[in-house]
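Understanding the architecture of this molecule
Single-letter residue listing:
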Amino acid sequence: MSTLVAAAAGAAVLVASPASGAASTLAAAAQQSGRYFGTAVAANKLSDSTYVGILNREFDMVTAENEMKMDATEPSQGQFSYGNADRIVNQARNQGKRVRGHALAWHSQQPGWMQNMSGTALRNAMLNHVTQVASYYRGKIYAWDVVNEAFADGSSGGRRDSNLQRTGNDWIEAAFRAARAADPGAKLCYNDYNTDNWSHAKTQGVYRMVQDFKSRGVPIDCVGFQAHFNSGNPVPSNYHTTLQNFANLGVDVQITELDIEGSGSTQAQQYQGVVQACLSVTRCTGITVWGIRDTDSWRASGTPLLFDGSGNKKAAYTSVLNVLNNASSTVPTTPTSTTDPTGPTTTTTPQNPGGCTATYREGQKWNDRFNGEVTVSGTNNWVVTVTVSSPQRIIATWNTTATWPSANVMVARPNGNGNTFGFTVQHGGNWNWPSVSCQVG
Ligand code: XIL
């Protein structure tokens, strides 16, 4: 049985054969599971035919790399400038692509006039900027990065110091409320970097803010993970856990600026891990890479993108395309559960006195397989038995170390990635939920 199971620390490894009729572009492959695949676009490259050829062929979501930032759209206070941003938005929409707006409020790339402002004047200028820009693009933006990079790096888990932060801790929620009023149809995202590793203080700080916003009704719909990786900041093994935990707060999650320095199969594997982490979280709605060719990248020397300088597909491209095809060969279907078609999406086992509780939650579903997740409470030293019913088979796991007493029984233990683990069931037409039970180990 163990040969059927590919388990890797923290990452879901799906064991599936390539779909027949596999899609041949990133966008088409992502669309099979209802997701998008986007790229950052620079206005001054829209006259480069190689660049535009790849853009039009491969991507179905576009982010302006710099042209919608505060310094570009409001170079003088109260005077708005949308020429380059419009070039990108119009090119995308004419090609049937959607647009992520980036970014309404940020400590960086502020126009000179704003950099020296403070207090109420700055707060009002920021809110006016959010209102004006989001209103101008109302109806054309799939999701706005309303606030970018507002948390500090390091161990504090708190806010980054900035002129905006010094206007008061509520500046972020004020920006979100202004954006909602200006464009009620756009999803509103908080976007940041170094928030990929679940155990990092910065990740926890952003998580607590989103949790607080949801509990108080502050309008937030999504969290963006920039995902700029290199050898000093590698893809964390618990990435899936991070994305799932944020999604469980009731927001979409998106990979918004993906690039991974490196080359060859090492780079390809890291890309695969990031895409896989997104695919295994139902509410991870799409992935954007931060540029098209390596030479287009803001960190070109690290060759961090999917196409080389000549526009050729790299190994990383092929691995991303294959993962998208393997993991999503059909649009997810609603299960025809024989037990509980309209019931809740979680079930909780009773807790023995002094024992633990295992809660099963439905994950993404495909026509041949589905994901499930189990969250344990009451102990960090758990032994959870997961039993599937014939002809179901568990074909992948994440965030757990598993043993297999028999073909349909998995015994799961912690592997250092917290108290939520997951697995993929190849169901063979049987949509019944697995049964789970918990013991203290
Ligand atoms: C970068 C652009 O790619 C560069 O061209 C520019 O000089 C600086 O900004 N986080 C973000 C992006 O949210 O806006 C940044 O983009 C990269 C880091």
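Throughout this document, residue positions are counted from 1 along each chain, in the order its sequence is written. With pLDDT at 70 or above as the cut-off, local features in this predicted model cover only qualifying residues; side-chain atom pairs require 80 or more to be listed or tallied, and sums for whole chains, interfaces and linings still use all residues. Excluded from the side-chain calculations are hydrogens and water; all other atoms, namely the structure's heavy atoms, are used.

By the naming in an unreviewed UniProt entry, the chain is Beta-xylanase, taken from Saccharothrix carnea. UniProt positions are given in the numbering used here, feature names are shortened, and annotations may be inferred rather than shown by experiment. In UniProt, the chain has this text filed under Catalytic activity (unreviewed entry): "Endohydrolysis of (1->4)-beta-D-xylosidic linkages in xylans." Per UniProt, the comment on the chain under Sequence similarities (unreviewed entry) is "Belongs to the glycosyl hydrolase 10 (cellulase F) family."

In the vicinity of the ligand there are 13 residues, among which Glu65, Asn66, Lys69, His102 and Glu257 approach most closely. Between an oxygen atom of the ligand and a side-chain N or O atom of Lys69, the distance comes to 2.7 Å. For the purposes of these results, a polar contact is taken to be a pair of N or O atoms within 3.5 Å, where, inside protein, one atom must be able to donate a hydrogen and its partner to accept one; residues adjacent in sequence count only when each atom of the pair is a side-chain atom. At a separation of 2.9 Å, an oxygen atom of the ligand approaches a polar side-chain atom of Trp290. Contact with the protein chains covers 77% of the free accessible surface of the ligand, which is 410 Å². For the shell around the ligand, the per-class residue count stands at 3 nonpolar, 6 polar and 4 charged. Neighbouring residues are identified by heavy atoms, a residue being near a molecule or strand if any of them is within 4 Å of it. Accessible surface area values rest on a Shrake-Rupley calculation with a 1.4 Å probe, where residue burial reflects the displayed protein chains alone. Charged residues are taken to be Asp, Glu, Lys and Arg, nonpolar residues to be Ala, Val, Leu, Ile, Met, Phe, Trp, Tyr, Cys and Pro, and polar residues to be all remaining types, Gly included.

Right, let's get into the state of the cysteines. In what follows, a disulfide is any cysteine sulfur pair within 2.5 Å. What the rule picks out here adds up to 3 disulfides. Here Cys189 is linked by a disulfide to Cys222, with a sulfur-sulfur distance of 2.0 Å. Here the disulfide of Cys189 and Cys222 is left-handed, its torsion about the S-S bond being about -90°. Here Cys222 lies in strand β7 (residues 222-225) and Cys189 lies in strand β6 (residues 187-192), a separation of 33 residues in the sequence. Comparing Cys189 with Cys222 shows no difference in burial state: the two are buried. Residue Cys356 pairs covalently with Cys438 via a disulfide, S to S 2.1 Å. Its S-S torsion of about -110° marks the bond between Cys356 and Cys438 as left-handed, since a negative value means left-handed. Residue Cys356 is found in the loop between β11 (346-348) and β12 (357-365), and its partner Cys438 is found in strand β19 (residues 435-440); the two are separated by 82 residues along the sequence. Cys438 carries the same exposure label as Cys356, and that label is buried. Each bonded cysteine of the chain gets a number by its place in the sequence, and the pairs then read 1-2, 3-4, 5-6. Numbering of helices and strands starts at the N terminus; helices are DSSP runs of H or I of at least 4 residues and strands are runs of E of at least 2. For every residue, the accessible area (1.4 Å probe, protein chains only) is compared with the maximum for its type, and the residue is labelled buried under 20%, exposed over 50%, or partly exposed between those bounds.

UniProt's entry tags Glu257 with the feature "active site" (unreviewed entry), counted in the numbering of this structure. With sequence-adjacent residues up to four places away left out, Glu257 is seen in contact with His102, Asn191, Phe225, Gln226, Ala227, His228, Thr288 and Trp290. For Glu257, the side chain forms a polar contact with the side chain of Asn191, separated by 3.1 Å. A contact between two residues is defined here by any heavy atoms of the two lying within 4.5 Å.

The antiparallel open sheet is built from 4 strands, whose spatial order is β16-β17-β14-β19. Either end of the sheet is taken by a strand with one partner, and the two such strands are β16 (401-406) and β19. Going across the sheet, the axis of each strand differs from the next one's by a mean of 25°, ignoring polarity. Strand pairing is assigned whenever DSSP identifies at least 2 bridges connecting the two strands. Sheet topology note: the β16/strand β17 (residues 409-413) ladder contains 4 bridges and is antiparallel. Orientation is described by lines fitted to C-alpha atoms, with helices fitted over the stretch in contact, and by angles between N-to-C directions that extend from 0 to 180 degrees.

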